[in-house]
Amino acid sequence: MSAEQEVLDQRVADVGIVESITLKNFMCHSLLGPFTFGSNVNFVVGSNGSGKSAVLTALIVALGGNAQATNRGSSLKGFVKEGESSADVSITLCNKGRDAFKPEAYGTAINVDLRITREGLRTYKLRSKSGNIISTKKEELMCILDNLNIQVNNPVSILTQEMSKYFLHSKGEGDKYRFFMKATQLEQMREDFVYIKSTKHITEDKMSQQGECVEELKQKYQEKMDRYKSLASLDEMHSKLEELQKQMAWALVRPMEREIQPMREKLQSDRQSTGKYDEKVEEWKNKVEEAEQKYKQIQDQLEGITQRIQELQPQCTQLKTEVQKRNSLLKSSEVRTHPLQLLQSQARAVRMEQIRAELENMQHQISTLGQQINQYEQASSRAKDELNKMSRSNCLRRFGEHMPALLSSIQEAHRKGQFKQRPRGPLGYCISLKDPELALAVEVCLKSFLHSFTCDNYDDEKVLQGLMARVLKGGRRPTIITSAFLSNVHDTTSRAVNHPEYPSVLQALEIEDPVVANCLIDQRGIESILLIKNRTEARRVMQRGNPPRNCNQAFSVEGDQIFTNRTYTADQPRAKFLSSDIEEEIRHSQGELENQKAHAARFQQQMRNVEEDIKKNEGLLKRAHTEQRMIKGYKGNWLLRNDTYLFMYLGCVSCVVSQNLKVMFNHSVVQTSVAKASEICPERTEVRRTAKSLDSEISRLKTKITTQQGQQGDREEIVRQYHEALTNYKDMKHQVKNLNNFIKTLDNIISMRLKAYADLRRFLSARCKYYFDSMLAQRGYTGSMTFDHKNETLSITVQPGAGNKADLSDMRSLSGGERSFSTVCFVLSLWAITEAPFRCLDEFDVYMDMVNRRISMDMMLKVAASQRNRQFIFLTPQSMSTLPETDLIRILRLKDPDRSHGAGQRNGEEEQD
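Within an unreviewed UniProt entry, the label attached to the protein chain reads Structural maintenance of chromosomes protein 6, and the organism entered is Myripristis murdjan. The Sequence similarities (unreviewed entry) comment attached to the protein chain in UniProt states, word for word, "Belongs to the SMC family. SMC6 subfamily."

Time to look at the pairing of strand β4 (residues 86-94). Across the nine residues of β4, eight count as buried, placing the element largely inside the fold. Taken together, the six bridges between strand β1 (residues 18-26) and β4 define a ladder with antiparallel strand orientation. Looking across to β4, one finds that Ile21 is bridged to Ile91.

The tally for this structure, following the rule as stated, stands at 15 aromatic pairs. Taking the centre distance of 6.2 Å and the plane angle of 35° together, the rings of Trp831 and Phe874 count as tilted. In this pair, Trp831 sits in helix α23 (residues 816-833) while Phe874 sits in strand β21 (residues 871-876), placing the two residues 43 residues apart along the sequence. By relative accessible area, which is 0% here, Trp831 ends up buried. When its relative accessible area of 0% is taken as the criterion, Phe874 is described as buried.

This part is about the sheet that holds strand β3 (residues 41-45). What the five strands build is an open sheet, ordered β8-β20-β21-β3-β22; its pairing is parallel. Of all strands in the sheet, those bounded by a partner on one side alone are β8 (158-159) and β22 (889-893). Judged from the five bridges that link them, strand β20 (residues 838-842) and β21 form a sheet pairing that is parallel. When the sheet's bridge partners are listed, Cys840 is paired in β21 with Ile873. Helix-sheet contacts for helix α2 (residues 52-62) involve β3, β8, β20 and β21, and the interaxial angle to β20 is about 140°.

All right, on to the sheet that holds strand β15 (residues 561-562) then. Strand order across the open sheet formed by four strands is β13-β14-β15-β16, with mixed pairing between neighbours. Pairing within the sheet leaves two strands with one partner each, and these edge strands are β13 (529-531) and β16 (567-568). As paired elements, strand β14 (residues 553-555) and β15 share two bridges and run antiparallel to each other. In the sheet register, Phe555 faces β15, and the bridge partner there is Gln561.

Scanning the model with the defined rule gives 21 salt bridges in all. Note that Arg190 is salt-bridged to Glu187, the shortest N-O span being 2.5 Å. Of the two residues, Arg190 and Glu187 are both situated in helix α8 (residues 186-229); the distance of three residues between them amounts to about one turn of the helix. Residue classification places Arg190 among the partly exposed positions, given a relative accessible area of 22%. Its salt-bridge partner being Asp435, residue Lys533 comes within 2.7 Å of it at the nearest N-O pair. Here Lys533 is found in the loop between β13 and α18 (535-543), whereas its partner Asp435 is found in the loop between β9 (432-433) and α14 (439-446), with 98 residues between them in sequence. For Asp435, a relative accessible area of 23% translates into the label partly exposed. Connected through shared salt-bridge partners, Glu187, Arg190 and Glu792 make up one network.

Bringing α2 into the picture now. Most of α2 sits inside the fold, with eleven of its eleven residues counted as buried. All of the buried residues in α2 are Lys52, Ser53, Ala54, Val55, Leu56, Thr57, Ala58, Leu59, Ile60, Val61 and Ala62.

Each value, and the rule that gives it
- Residue positions are counted from 1 within each chain, in the order its sequence is given.
- Totals for whole chains, interfaces and linings use every residue, but because this is a predicted model, local features are given only for residues with pLDDT of at least 70 and side-chain atom pairs only at 80 or more, for both listing and counting.
- To obtain the side-chain values, all non-hydrogen atoms of the structure were used and water was disregarded.
- UniProt positions are given in the numbering used here, feature names are shortened, and annotations may be inferred rather than shown by experiment.
- The cut-offs for exposure are 20% and 50% of the maximum accessible area for each residue type, with area from a 1.4 Å probe on protein chains only; residues under the lower value are buried, those over the upper are exposed, and the others partly exposed.
- Runs of H or I in DSSP of at least four residues are treated as helices and runs of E of at least two as strands, each being numbered from the N terminus.
- Two strands qualify as a pair provided DSSP detects at least 2 bridges between them.
- When two rings of Phe, Tyr or Trp (its six-membered ring) have centres within 6.5 Å they constitute a pair, described as stacked for plane angles under 30 degrees, edge-to-face for angles over 60, and tilted for the intermediate range.
- What makes two residues a contact is simply this: any of their non-hydrogen atoms within 4.5 Å.
- Interaxial angles span 0 to 180 degrees and are taken between N-to-C directions of axes, which are lines fitted to C-alpha atoms, for helices over the stretch in contact.
- Think of a salt bridge as a Lys or Arg side-chain nitrogen and an Asp or Glu carboxyl oxygen that are within 4 Å of each other.

See the structure below:
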């Protein structure tokens, strides 16, 4: 034996072994256990009635076996103790090692709790090592048993007392063969092959039926195809009709073009005849330009003279005044004795006049400035009144000058019982922001809802409309939203957006009143709108492939509205209703006031400039009228000389214009007809036939098409039926082909599996023979084992003592002890060729004498010592006091039953021997 094999044999059993079992109200026992089993050899020792077979029966039933497999009853309800409502079995299976089943869920042990009711119902609870319930489904238990390779219905894994007796007394070679087949699971494999073959035969029958169906579908497809092909002639008629319609379109254009051609030729002739008049007109234009140039020169001279007069007028007036003063001084002075003083007096007088003129000018400016100052003070007073209205404690006036009065009226009406539920509003006054930076975004999002009111019912809505009509006379009334008031905010968990970085509008608001919150959720959907401060980040989140779940739009801090496929920019520069910074609003209003003042000053300056321009233009207009009267005579004479030529020219031109208009009208009609014809046929074609002949042929062809369509039916329906029949035929043909391929593949697989099955059966038979001979040799017996797989028989012959093969006899001729020993050898040989985490034998030594019992015990212990990775549970009424002391052997002694008081005592584990 190699070193690796020694290590394998010496390792301790782990996954799949039974660690403990507990029975309550099972069969005739009130409580058995808990029994703790060792990892290798376990002897359950006790007299008849102590509960040995009950432990084995409970093991089979708890691990999914049916009642018939235990040979202890026909139904599960028979296992419930008389007088009790249910029976409980708890088994702990080891779940260690690399083959453990879901170790992350169950841990190192799996607890299987079974409850059987009086009605025969079976329920499971599969618990982890810590006691947590992992599953309650039997399917989970079946998965555990498959993973751990536990076979409760395999007689080699669990050999009950009844099965052992049946096997010992069985005289048929077929029974032994079936025992061998069931123990090695070859019987299960054969049943699987039989089921596969029957399934294949069923599939072949269905395939033959599908073949008939394919022929029917093929015939139907050919019928539909013939009808489909008959549509070809109809398509030709449609093509011909389309061609005739194209020719008809251009045939209607040709008469119109022939009709307009003479008009074009006449227009060309008239245009040539107007050539001489054009020359004369050109001469008149030159003369007019010369006259206008002369008129302009005279006008310029007149303007120069007028300007010079205006410049000299003040000097003239000043000189006249000075002359009058000097004459008066000459007349009043008799003697000119002081010329120097006179000159000084005159200079002072001139200076006084200048100062007086400047003083009057200054007084005029002071008066104007005084008026402006009064206007500015009035505007400042109005602005201060507005600033006082926008005080920090009266934010309600943001929503309207009459809003405080309206709310007072609502409160008074509610106090008098006119409202069933007090209306809420304006909604913008009932909310506040957690982050003031988001004021503009939220204000743009809610828009008109900020001024809206909400009512519980339509009666309250009528009362509120009456109050608004009385308080808000002539003003715009807020919107009223009618919806039943609720005391709790809507649960928006399933439809609200939940982003880890950005809040929704609902999350960004502080709303104390659930009615206001529910109204904004219902009317605006604020739970599904995100607020993202950065405009670029908002577009990235919403418009790059995967927007947040339940989010349909977002708003940036600038008020931009971002959808998944478009963006709208806000036309509002700042928040008006939700801003919390009153000082900023005051500064903004003051800035607007200063801007209004500057604008007023600029406007006044512009008004002064316009007035000066008006005065200048009035003077120029007067001069222009004068000059116009002077030139009228000159132009009148010239016009009279050219009236004759002018009338002649105008008559010719009017004729040309009239002809041109007519040609243009007809040309537009032709262009419209050409456009319509181009839509029908983009390329112009030469048409030799008349429109009338084409129209008659089109009518005749349409009648023929209608008649043929009535005979064949709806074209679209025929095409649809053809394609449907073609698809059905191809699909069915493809399915039949796939079934044929599947059956061929299945035949190949079955042939390979049957060959492998025969090889495995031959191999297991050879190994079983080898181990059986080895076991008999330990007692000095000889024997043979003959398999007849064709007739399904197994012949076993044994010679108890020394002798040749001719002395071999059938097991039926052996004594009870010898037969039991031979049976043990057969079971041990089956153990050697099968795999299972634990093996159970019930009263295996019941018919053995002391010698055979001792030899059989030594053999089983030797096998158990060589297979330390397996667990062995032996049930026997015999005393095991003669067993050697070892750490791998555990003996569980059950107390004898109390015959006088029933078997309700508690039995437990005694100790490890």
